[in-house]
Amino acid sequence: DTGVSQDPRHKITKRGQNVTFRCDPISEHNRLYWYRQTLGQGPEFLTYFQNEAQLEKSRLLSDRFSAERPKGSFSTLEIQRTEQGDSAMYLCASSLGSANEKLFFGSGTQLSVL
Amino acid sequence: DAKTTQPTSMDCAEGRAANLPCNHSTISGNEYVYWYRQIHSQGPQYIIHGLKNNETNEMASLIITEDRKSSTLILPHATLRDTAVYYCIVRDPLRTSGTYKYIFGTGTRLKVLA
């Protein structure tokens, strides 16, 4: 499978715990995005990496959230001190980068905070 | 805020064409319209995109009105596996990085009936 892969697919945690998700983009893609999707809504943009540089962060990304992309390959999204409102599907997408680029999404990590 | 408006839900008989409309009256002159679909518990899947001319690929056709204020996605022979949420997307520029974020609305829930 040469698509975008995300791990884990599901995560159940207790409020106050830290969680980390991983995304492996398509190998030649230098652009990587994180989105969040709550029930019944479309995905919302969280943050953007070009290679290893995090160039954009949405105001949705509170200071409890941190994302990295070391060496411009895989990316991790960490949520500290999780809250019930963090329960959502976290989606990763990657692209080559062009004017009319299309994003390739992974299957997401479904987070449930109890 | 979403830049597109779509009906909440639609039904289509198996084997018939599914026509999914979208309004994007505030689209700028050089911005593309993208269509994705999302099957339950999976990430969004790219279908097609266009600027001003009609487009066709192996999955669907995209008809864009001359004033570019609306478009229609056509699935020519819908199957049960086409049951999904379909998103019409216009991007927003991320000014500091030169890339874009996708602005998803709530999409159209298409149900293909046997």
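Quick summary incoming for the structure in this document. Keep in mind that this is a model prediction, so the values were computed, not measured.

Reading the values: the criteria
Residues numbered from 1 in each chain as written. Chains lettered and ligands numbered in written order. Predicted model: local features only at pLDDT ≥ 70, side-chain atom pairs only at ≥ 80, totals over all residues. Heavy atoms only, no water. Pairing = 2+ DSSP bridges. Helix = DSSP H or I, 4+ residues; strand = E, 2+ residues; numbered from the N terminus. Axes fitted to C-alpha atoms, helices over the stretch in contact; angles between N-to-C directions. Contact = heavy atoms within 4.5 Å. Buried area = accessible area lost by both parts, 1.4 Å probe. Salt bridge = Lys/Arg side-chain N within 4 Å of Asp/Glu carboxyl O. Polar contact = N/O pair within 3.5 Å; in protein donor to acceptor, adjacent residues only side chain to side chain.

## A short note on the sheet that holds strand E8 (residues 75-79) of chain A
Residue and element names in this part refer to chain A.
Thinking step 1. Ordered in space as E1-E3-E8-E7, the four strands form an open sheet in which the pairing is antiparallel. With one partner strand each, in any of the chains shown, strand E1 (5-7) and strand E7 (65-68) form the two edges of the open sheet. Along the sheet, successive strands turn relative to each other by an average axial angle of 15 degrees, direction set aside.
Thinking step 2. In this sheet, E8 lies alongside strand E3 (residues 19-24) in antiparallel orientation, the contact comprising five bridges. Directly across from Val19, in E8, lies its bridge partner Ile79.

## As for the pairing of strand E6 (residues 53-57) of chain A
Residue and element names in this part refer to chain A.
Thinking step 1. Pairing between strand E5 (residues 44-50) and E6: four bridges, direction antiparallel. Paired with Thr47 across the two strands is Lys57, which belongs to E6.
Thinking step 2. Taken together, E5 and the strand that follows it, E6, pair antiparallel across an intervening segment of two residues, in which Asn51 is found at a positive phi of about 55 degrees.

## Here's the deal with the interface of chain B and chain A
Thinking step 1. Tallying the contact residues gives 23 residues for chain B and 23 residues for chain A.
Thinking step 2. For the pair chain B and chain A, the summed buried surface comes to about 1800 Å²; carbon and sulfur atoms form 52% of the total.
Thinking step 3. Counting the contacts that link chain B with chain A gives zero salt bridges.
Thinking step 4. Connecting chain B to chain A are ten residue pairs in polar contact (both at pLDDT 80 or more).

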